[in-house]
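# Remarks on the overall topology
Residues per chain are reported as follows:
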Amino acid sequence: MSLVDHQGSVEYPYSKKTVFDALMEAAPKIDGLELDSADEVSGRVTFKAGVSLASWGENIPVQLIEVAPTRTQMKVMSSPKTGIMFGGAMDLGKNRRNIEKIISAVSDVLAKKPAEVAKAKPVSTVSTTDELIKLKSLLDSGALSQEEFDEQKKKILAQEPVVEPTPEPEQPQAASAPIKIESEKKDNTVTILLVVFFIIVIIGAIAAAA
């Protein structure tokens, strides 16, 4: 990447093929850009723009990267056809706008498509026993040698899912009784009677002295 390259990136919740098809559908509608090459296997697409008053022309490679079965990153880079001394740095923002044009055009196409959900791997309904029976019949008919039979048998048994023991349900624990906190109370009746008694004595002494 040179000093005057521009780059944009966006991630779509769609498969790599869906995004590639959307890019191909959007390509003819992108004003000012021409589709130069497209490779679905590698996910690489190249656009080119001609010379204009705002730019000396540019090459715009687009790279699709599969992040997950239903997530694809699209990277768009604009490289001016001339160096920085001949207009590469004076594109007046046209190169950046071309990147935004591609992203916007693809986004518009994908916005009309239904959401994609990753498909679960199909589960085989043929039991191990059935496969072994078929294998034994091939051995008996002579279609397989004993060595081939033993080899195929090992493969079938190796694919047999391991049944894990079902854990015993935990016994419910008895709920612990709530802790009851009581405030401590003292009987102050005797203390009150003593105080009243002393007050009466003091009053009586004062009255006798008077």
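Residues numbered from 1 in each chain as written. Predicted model: local features only at pLDDT ≥ 70, side-chain atom pairs only at ≥ 80, totals over all residues. Heavy atoms only, no water.

Moving on to the overall build of the chain. Within the chain one finds 5 helices and 5 strands. Reading the chain from its N terminus to its C terminus gives the helix and strand order β-α-β-β-β-β-α-α-α-α. Taking all 210 residues of the chain together, the buried fraction comes to 26%. At a minimum sequence separation of 6, the contacts of the chain that also span at least 24 residues come to 57%. For the chain, the accessible surface area stands at approximately 15700 Å², while carbon and sulfur atoms represent 60% of it. (Helix = DSSP H or I, 4+ residues; strand = E, 2+ residues; numbered from the N terminus. Buried < 20%, exposed > 50% of the residue type's maximum accessible area, 1.4 Å probe, protein only. Contact = heavy atoms within 4.5 Å. Areas by Shrake-Rupley, 256 points an atom, 1.4 Å probe, with all protein chains shown as cover.)

Below, the discussion takes up a nonpolar patch on the surface. Side chains of L194, F197, F198, V201, I202 and I206 sit close together on the surface and give an oily, nonpolar patch of about 620 Å² of accessible area. Mapped onto the elements of the fold, I206 is located in helix 5 (residues 189-209). (Patch = residues over 30% accessible without salt bridge, like charges linked within 9 Å, V, L, I, M, F, W, Y side chains within 5 Å. Salt bridge = Lys/Arg side-chain N within 4 Å of Asp/Glu carboxyl O.)

Another aspect to go through is helix 3 (residues 128-141). With 14 residues, helix 3 ought to run about 20 Å at 1.5 Å a step, and its terminal C-alpha atoms sit 20 Å apart, in line with that. Within the span of helix 3, buried status applies to T128, L135 and L139. The buried residues of helix 3 occupy an angular sector of 45° when projected down its axis, which confines them to one face. The exposed residues of helix 3 that point more than 90 degrees off its buried face are T129, I133, K134, D140 and S141. For helix 3, the secondary structure elements touched by its buried residues are helix 4 (146-159). The first or second residue beyond helix 3 is G142, which carries a positive phi of 90°. (Expected span 1.5 Å × (residues − 1). Arc of directions from axis to C-beta.)

What follows deals with the nonpolar core. One finds Y12, F47, V62, M74, V76, I102 and V106 to be the most contacted residues of the largest nonpolar core, which totals 25 residues. When residues in this core are grouped by element, the largest group, 7 residues, is from helix 2 (residues 94-110). Those residues within four positions of V62 in sequence are excluded, and the remaining contacts are L23, G43, R44, V45, F47, M74, K75, V76 and I102. Core analysis: the second largest hydrophobic core is formed by 5 residues, L135, L144, F149 and I156 among them. (Core = buried A, V, L, I, M, F, W, Y, C linked by side-chain atoms within 4.5 Å.)

This next bit is on the confidence of the model for the chain. For the chain, mean pLDDT is 76; residues scoring 70 or higher make up 68% of the total. Put simply, helix 5 is where the chain has its lowest mean pLDDT, 77, and helix 1 (residues 16-26) is where it has its highest, 95. Predicted confidence for residues 83-92 stays below pLDDT 50, and this span has 15 contacts to residues more than four positions away or in other chains. A low-confidence stretch, residues 172-186 stays under pLDDT 50, and its non-local contacts, those more than four residues away or across chains, total 0 contacts. (pLDDT = per-residue confidence, 0-100.)

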